[in-house]
Structures are given as C-alpha cells and as structure tokens.
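# Coordinate inspection notes
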Amino acid sequence: MAKTQTRPWDPAEHLETEEDMAAYLNVALEEGDLSLIMASLGDIARARKMAVVAQDAGLGRESLYKSLSADGNPEFATVLKVVRALGLRLQAAAGPGAPK
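Residues numbered from 1 in each chain as written. Predicted model: local features only at pLDDT ≥ 70, side-chain atom pairs only at ≥ 80, totals over all residues. Heavy atoms only, no water.

Attention now moves to the pattern of salt bridges. With the rule as written, the count across this model stands at five salt bridges. Between E18 and R48 there is a salt bridge; the shortest N-O distance is 3.2 Å. One end of the pair, E18, is in helix 1 (residues 18-31); the other, R48, is in the loop between helix 2 (34-47) and helix 3 (50-57), and 30 residues separate them in sequence. The partly exposed category is assigned to E18, whose relative accessible area is 46%. A salt bridge links R61 to E62; the nearest nitrogen and oxygen atoms lie 3.3 Å apart. A residue is classified by how much of its surface remains accessible, and R61, at 39% relative accessible area, is partly exposed. Of the residues examined, E62 reaches a relative accessible area of 54% and is grouped as exposed. (Salt bridge = Lys/Arg side-chain N within 4 Å of Asp/Glu carboxyl O. Helix = DSSP H or I, 4+ residues; strand = E, 2+ residues; numbered from the N terminus. Buried < 20%, exposed > 50% of the residue type's maximum accessible area, 1.4 Å probe, protein only.)

This paragraph deals with the confidence of the model for the protein. Averaged over every residue, the pLDDT of the protein is 91; the share at 70 or more is 98%. Per-element confidence in the protein ranges from a low mean pLDDT of 92 for helix 4 (residues 61-67) to a high of 96 for helix 3. (pLDDT = per-residue confidence, 0-100.)

Side chains of L29, F76, L80 and L90 sit close together on the surface and give an oily, nonpolar patch of about 330 Å² of accessible area. With respect to the secondary-structure elements, L80 resides in helix 5 (residues 76-85). Take L80: its relative accessible area is 31%, and that puts it in the partly exposed class. (Patch = residues over 30% accessible without salt bridge, like charges linked within 9 Å, V, L, I, M, F, W, Y side chains within 5 Å. Areas by Shrake-Rupley, 256 points an atom, 1.4 Å probe, with all protein chains shown as cover.)

This brings us to helix 3. Given 3.6 residues per helical turn, the α-helix brings residues three or four places apart onto the same face. Every buried residue belonging to helix 3 is among M50, V53, A54 and A57, and all of these are buried. One face of helix 3 carries all of its buried residues, which in axial projection span an arc of 100°. Exposed residues on helix 3 whose side chains face more than 90 degrees from its buried face are Q55 and D56. The elements touched by buried residues of helix 3 are helix 2, helix 4 and helix 5. The first or second residue beyond helix 3 is G58, which carries a positive phi of 75°. (Arc of directions from axis to C-beta. Contact = heavy atoms within 4.5 Å.)

With that settled, the discussion passes to the layout of surface pockets. In this structure, the largest pocket spans a volume of roughly 290 Å³. Considering only residue class, the lining of the largest pocket consists of seven nonpolar, two polar and one charged. (1 Å grid on protein atoms, 1.4 Å probe; cavity = no way out; pocket = protein on both sides within 12 Å on 5 of 7 lines; lining within 4 Å. Points joined across faces, edges and corners; volume = space filled by probe spheres on them. Nonpolar A, V, L, I, M, F, W, Y, C, P; charged D, E, K, R; others polar.)

The structure is reproduced here in structure tokens:
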C-alpha cells in the first residue's frame, strides 16, 4: 500500500481577499480566545507578507512574528497598529445579555 503524502494546512495560503481576511478575523474575535485572535492576525499578516505589514505598522519583522505567535502577548497598541497596517478595522457591537 502506497503512503499518502500530506503537508500541514496553512490558512495564510487561503486568505486571498480583504473579505476573506476580515471574515477570518471576525470568527476569531467572536470566539474570544486571545491566542486564536493573535494566530489569526499572524496568518493574515503572513498572507499579506509579514515584512510589509511590519514596515507599515512601524514594527520590526522579528518583533511582529514574536508578538503574533502563540506565546506572544502584544500590547493593545501593537494590535491596533497591526490591524490598521492590514487594512482592517475592529468594531464593537452589543452582544447577547448586554444591558438595556
């Protein structure tokens, strides 16, 4: 029996449009898991070319990789710079159970 060749799935390879990227980040934000949000931003940044995103955000490439890694813990200001550099925007909406 022949062995099946596999390779790791990379979401960055499938994020082709701004709409794809925004939808991907929105799902992570809805989950509310910080590590998932950072990983999603990292995937989007890789899809957009990390060096370009780092330059647009005014950050070092290595610093950006570290900030958006699973172990990263970036300041919120860094997250906002990255989101802006990606051409995305964060937006708040009232959730279920919000005070009336």
